[in-house]
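# Overview (structure and organization)
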Amino acid sequence: MITLKEVRKSFKQNGEHIPILHIEQWQVKRGERIAFLGPSGSGKSTLLHLLSGVMQPDSGEIWIEDQPIHRLSESQRDQYRAKSVGYIFQEFHLISSLTLKQNVELIMQPSMSNKEAAEVSAQWFERVGLTTQQHRLPSQVSRGQQQRAAMIRALIGKPSLVLADEPTGSLDYETAASMMSLLLQICEEEGLTLLTVTHDVHLAASYPRQVHIEDLNAIRRGVTA
Ligand code: ADP
Ligand code: MG
């Protein structure tokens, strides 16, 4: 369960504090898959950054399961993120000098033997249909294939929270739709909580739940300044 209470975030612009987010109360159940919609600049990425612990709220509480993220130190938040959060970006952020397989295995548990890691990663490459491309560099595969490798990297550690920020924003529609359906399917099978920001209402409609930032953010509703 994710719980947000009276979370506020503002940014300083030209010496002035501009309020961006005010979430009075929001809960997400474990295993929910939510598409998150809203206009550009409305605070969607900021919310994901708060949930991943990259940013801290000005005030309020953010609970992920039994962890009070708002109270953790920076290094505790780094640990939380490494263990519990899988992040998928619009621009895949793969390391260009490493093969897809090396990109994935780089982040795998040091506690696993090399053999075990190789078996687990082979299963994932098969699962997303990338077995024949796994030894290629990112520049040697399509954008859709790069995003599938990035998806493995985010999901392979079975994070309790998967955050995807416009993951299909740089893919053509057909590739985007197939990537999104694979992401939804895997998160459902693994029972992972998935929060995906997307501009695309058709892709959002494939999620069991849609949330509009205007409904969540008191500032967007004009309730608070
Ligand atoms: P969205 O993802 O919905 O497009 P963002 O969360 O990226 O919106 O940004 C919301 C608002 O906060 C924008 O007006 C943006 O300019 C501002 N903002 C975001 N991050 C920062 C930052 N690090 N410093 C200052 N302003 C920021
Ligand atoms: Mg954004």
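Structure: above.
Cut-offs applied
Every residue gets a number counted from 1 within its own chain, in the order that chain's sequence is written. Whichever chain is written first is A, and whichever ligand is written first is 1; the rest continue in order. Two thresholds apply to this predicted model, a pLDDT of at least 70 for residue-level local features and 80 or more for giving and counting side-chain atom pairs, whereas whole-chain, interface and lining totals are computed over all residues. Each side-chain value is worked out from all heavy atoms of the structure, with water and hydrogens disregarded. Each residue is tested against the molecule or strand, and it is near if at least one of its non-hydrogen atoms lies within 4 Å. Under this definition, polar contacts are N or O atom pairs within 3.5 Å; protein pairs additionally need one hydrogen-donor-capable and one acceptor-capable atom, and for neighbouring residues in sequence, both atoms have to be side-chain atoms. Per-residue and other accessible areas were derived by the Shrake-Rupley procedure at a 1.4 Å probe size, with only the shown protein chains allowed to occlude residues. Strands here mean DSSP runs of E at least two residues long; helices mean DSSP runs of H or I at least four residues long; both are numbered from the N terminus. All amino acids are sorted into three groups, where Ala, Val, Leu, Ile, Met, Phe, Trp, Tyr, Cys and Pro are nonpolar, Asp, Glu, Lys and Arg are charged, and the leftover types, Gly among them, are polar. Exposed residues in this analysis have more than 50% of their type's maximum accessible area, buried residues have under 20%, and partly exposed residues fall in between, with area computed by a 1.4 Å probe over protein chains only. Contacts are assigned to residue pairs with any non-hydrogen atoms lying within 4.5 Å of each other. One speaks of a salt bridge when a side-chain nitrogen belonging to Lys or Arg is within 4 Å of a carboxyl oxygen belonging to Asp or Glu. Each pair of strands is called paired provided DSSP finds at least two bridges between the two strands.

## Some words on the site of ligand 1
In the vicinity of ligand 1, the contacting residues are F11, Q13, I20, P39, S40, G41, S42, G43, K44, S45 and T46. In this structure, Q13 approaches ligand 1 through a side-chain N or O atom, which is 3.4 Å from a nitrogen atom. One of the side-chain N or O atoms of K44 is found 2.8 Å from an oxygen atom in ligand 1. Look at ligand 1: alone it shows 560 Å² of surface, and the protein chains cover 62% of it. Sorting the residues of the shell around ligand 1 by element identifies β1 (2-13) and α1 (44-52) as the ones contributing at least two each. It is α1 that provides the largest number of residues to the shell around ligand 1, a total of three residues. Counted by class, the shell around ligand 1 contains three nonpolar, seven polar and one charged residues.

## Examining the side chain of T193
For T193, the location among the structural elements is in strand β8 (residues 193-197). Relative accessible area serves as the criterion here: at 4%, T193 is assigned to the buried category. A polar contact is formed between the side chain of T193 and the backbone oxygen of S160, at a distance of 3.5 Å. Dropping the residues within four chain positions of it, T193 is found in contact with I2, V28, K29, R30, G31, E32, S160, L161 and V162.

## Some details on the pattern of salt bridges
The tally for this structure, following the rule as stated, stands at 13 salt bridges. The partner of E32 in a salt bridge is R209, and the shortest N-O contact between them spans 3.0 Å. Of the two residues, E32 sits in the loop between β2 (16-28) and β3 (33-37) while R209 sits in strand β9 (residues 209-212), which places them 177 residues apart along the sequence. K115 serves as the salt-bridge partner of E119, at 3.6 Å between the closest nitrogen and oxygen. Here E119 pairs with K115, and both are found in helix α4 (residues 114-127), just four residues apart, close to one helical turn. By relative accessible area, which is 61% here, K115 ends up exposed. Sharing partners across several salt bridges, the network here consists of R127, K158, E189 and E190.

## Quick notes on the environment of V162
Among the structural elements, V162 can be located in strand β7 (residues 161-165). The exposure class assigned to V162 is buried, which follows from its relative accessible area of 0%. For the pair V162 and I20, spaced 142 residues apart in sequence, the C-alpha separation works out to 23 Å. For V162, the residues in contact, after removing those within four places along its chain, are G86, I88, L155, C187, L192, T193, L194 and L195.

## Regarding the pairing of β7
Taken across its five residues, β7 has five buried, putting it largely inside the fold. Burial of the side chains of β7 extends over both faces: L161, L163 and D165 are buried on one face and V162 and A164 on the other. As defined by bridge partners, strand β6 (residues 85-88) adjoins β7 across four bridges and the pair is classed as parallel. Following the sheet pairing, G86 is matched in β7 by V162. Pairing between β7 and β8: five bridges, direction parallel.

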